Amino acid sequence: MSFAERAREKAVRLLRWSEHYTKTDMVYLASGGFWLSAGYAASSLSSFALALVFANILDPNTYGAYRYVLAVASVLSVAVLPGIDVSLQRSVARGKEGAMFAVTWTRVRWGSIANIFAAGLALYYLLHHNTQLAAAFLAVACCISIMDPLACYDDLLRGRRAFRTATNLAVIGQLASTFIMMGVAVLFPSLFPIVIAYFAGWCVIRGALLIYTLRTFPPNDVQDPEAVPYGKHLTVMKGASVIAASLGSIFLFHISAVQLAVYSIAVAPIEQMRGMLNNVESLVLPKFSQDSWDVWNWRTLVRKSGPLFAVLGVGIVVYVLAAPYLYAILFHKYIAAIPYTQVWAFSLLLTALSVLLGAILRARKEVKKLYIFNVASITSTFLFIGPLTYFYGIWGLLGAQYAVKTVETITFCYLTSWNPRFAEKSAQSSDGENGTNANA
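Now for a quick tour of the structure. (Residues numbered from 1 in each chain as written. Predicted model: local features only at pLDDT ≥ 70, side-chain atom pairs only at ≥ 80, totals over all residues. Heavy atoms only, no water.)

**So, the side chain of D224**
Part 1 of the reasoning: Among the secondary structure elements, D224 is positioned in the loop between α9 (191–216) and α10 (227–255).
Part 2 of the reasoning: Of the buried charged residues, D224 lacks a salt bridge, with K96 as the closest side chain of opposite charge at 4.1 Å.
Part 3 of the reasoning: In this structure, D224 is in contact with S91, K96 and A99, ignoring residues within four places of it in sequence. (Helix = DSSP H or I, 4+ residues; strand = E, 2+ residues; numbered from the N terminus. Buried < 20%, exposed > 50% of the residue type's maximum accessible area, 1.4 Å probe, protein only. Lys, Arg positive; Asp, Glu negative; His and termini not counted. Salt bridge = Lys/Arg side-chain N within 4 Å of Asp/Glu carboxyl O. Contact = heavy atoms within 4.5 Å.)

Laid out in structure tokens, this is it:
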């Protein structure tokens, strides 16, 4: 037996031993989590390199305009049914892989709405003699309805729990896009070439990876009539978070493109970490969907998620301490972003809890509760984001986003507890512990 095989065997034994205390499939978490984390680490490094090039080559006004176009495109992408990817992963996890084709075609058809609105924005800016933004939104109009649907291969692989393959393809795609974007930024440092490189580049890359996946890992033809309707429900719910993430950037751009550039550089590292947390949902959703994890009280949830929050807390502290040095060396044009990024780092704790609770509700297909969460999120978004950003700029936007995330987390906690079985089991667990302590 080779050294690598012996080390792997010892690691598996150690993980199996730890399951006596965590009551969790630690081998699954370690293997799946490793590949998801490795993939996102590669993606984060690519995004970091791209941000470094943009921050040092592009004029802040150009970079601010680019972030504005991406923010508007994110809002328009709600028409492309972004929540349906979770529904597709859920269907694939249940062996109904044929849903992939119905889901993809539905996304493309609904995406035509985004095409129309993006073309309308291009015409608006053309009439107002802003040819740069007009050309940028014309590029968005040509690509937005197909760019995300072409990534359905990733949902197929994640639903199968083929995390290694999904990671490899994600890394290939991210690296290809990054090299294209960096080359265009160096050769043509203006808005339109960068926007067309982003949207058209991803369409070509994802199209090639989709063809490869279909040829190498063809899906079965078992359909899931619930996939599209449930995906539409999830899109309505996910739309709130998409709008919340983009609305502030849109407001900031109309105050100052430079402020938007500073804000974007400040939150970029944190958003990369937040994206890694979203991978947790991909990891646990198949387990929840198949009922192989039974999270039925708060004590169990805390025990299962404790290691995640411990690692996350340490990472946040390290980042806050290192941020001044990192920005001084790498983003010297954006020193003003340092206090913003330090404050925003702690929002990751709220995100981690929301991701776990949201995964429970989505896997259990708690549509009514998810709609309630959606209403609370949308209401708080429109209540806080606009006014606070308008009056207080970047600080107002960060404060508003903290308020929104706090409302979302409290809502998720309530909705997850609002389950007769969950509440009953939690109460029994609490009574049992109290009884044990009393007898002791």
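**Here's the deal with the packing of aromatic side chains**
Part 1 of the reasoning: As enumerated under the stated definition, the model contains 15 aromatic pairs in all.
Part 2 of the reasoning: On the basis of an interplanar angle of 10° and a centroid distance of 4.0 Å, the ring pair of Y68 and F253 is categorised as stacked. With Y68 in helix α3 (residues 60–76) and F253 in helix α10, the pair connects residues that are 185 residues apart, well separated along the chain. As far as the burial class goes, Y68 and F253 line up, both buried.
Part 3 of the reasoning: Judged by centre distance (6.4 Å) and plane angle (80°), the rings of Y212 and F217 are edge-to-face.
Part 4 of the reasoning: Of the residues examined, Y212 reaches a relative accessible area of 41% and is grouped as partly exposed.
Part 5 of the reasoning: On the basis of relative accessible area, F217 is assigned to the partly exposed category, the value being 24%.
Part 6 of the reasoning: Taken together through their ring pairs, the aromatic side chains of Y68, Y124, Y125, F137 and F253 make up a single cluster.
Part 7 of the reasoning: R206 extends its terminal NZ or CZ atom over the ring of W202, reaching a point 4.7 Å from the ring centre. (Phe/Tyr/Trp six-rings, centres within 6.5 Å; stacked < 30°, edge-to-face > 60°. Lys NZ or Arg CZ within 6 Å of the ring centre and 35° of its normal.)

**Some remarks on the nonpolar core**
The nonpolar side chains of a soluble globular protein tend to be buried with one another.
Part 1 of the reasoning: Ranked by internal contacts, the top residues of the largest apolar core, which has 94 residues, are F54, Y66, Y68, F137, V140, V195 and Y334.
Part 2 of the reasoning: When sequence neighbours within four positions are dropped, the list of residues in contact with V140 reads V69, A73, A118, V195 and F199.
Part 3 of the reasoning: Listed in part, the 11 residues of the second largest apolar core include L234, L361, F412 and L415. (Core = buried A, V, L, I, M, F, W, Y, C linked by side-chain atoms within 4.5 Å.)

**What to know about the packing of α3 against α10**
Part 1 of the reasoning: At a closest axis distance of 8 Å, the pairing of α3 and α10 adopts a crossing angle of 145°. α10 is crossed by α3, and the crossing has left-handed handedness. Along its contact with α3, which presents G64, A65, Y68, A71, V72, S74 and V75, the element α10 presents V242, S246, S249, I250, F253 and H254.
Part 2 of the reasoning: Along the lines of polarity and charge, the residues of the contact of α3 with α10 split into eight nonpolar, five polar and no charged. (Axes fitted to C-alpha atoms, helices over the stretch in contact; angles between N-to-C directions. Left-handed = near helix turned anticlockwise from the far one by under 90°. Nonpolar A, V, L, I, M, F, W, Y, C, P; charged D, E, K, R; others polar.)

**Topic: the packing of helix α5 (residues 99–127) against α10**
Part 1 of the reasoning: One way to put it is that α5 packs onto α10 with a least axis distance of 13 Å and a crossing angle of 25°. As judged from the angle between their axes, α5 and α10 are roughly parallel. Here α5 runs over α10; the crossing is right-handed. Of the residues in α10, those in contact with A99, A102, V103, T106, W110 and Y125 of α5 are A227, V228, K232 and H254. (Parallel < 35°, antiparallel > 145°, perpendicular 65-115°, else oblique.)

**Observations concerning a nonpolar patch on the surface**
Part 1 of the reasoning: On the surface, a nonpolar cluster with roughly 640 Å² of combined accessible area is contributed by V343, Y390, F391, Y392 and W395.
Part 2 of the reasoning: Here the element with the most residues in the nonpolar patch is helix α15 (residues 367–417); it accounts for four residues.
Part 3 of the reasoning: With respect to the helices and strands, Y392 occurs in helix α15.
Part 4 of the reasoning: Given the relative accessible area of 58%, Y392 is considered exposed. (Patch = residues over 30% accessible without salt bridge, like charges linked within 9 Å, V, L, I, M, F, W, Y side chains within 5 Å. Areas by Shrake-Rupley, 256 points an atom, 1.4 Å probe, with all protein chains shown as cover.)

**Looking at α10**
Part 1 of the reasoning: If you check α10, its first and last C-alpha atoms are 41 Å apart, about what 29 residues at 1.5 Å a residue would give, namely 42 Å.
Part 2 of the reasoning: Along its length, α10 shows its largest kink, about 30°, at K238. (Expected span 1.5 Å × (residues − 1). Bend = angle between axes of the 7 residues up to and from the residue.)

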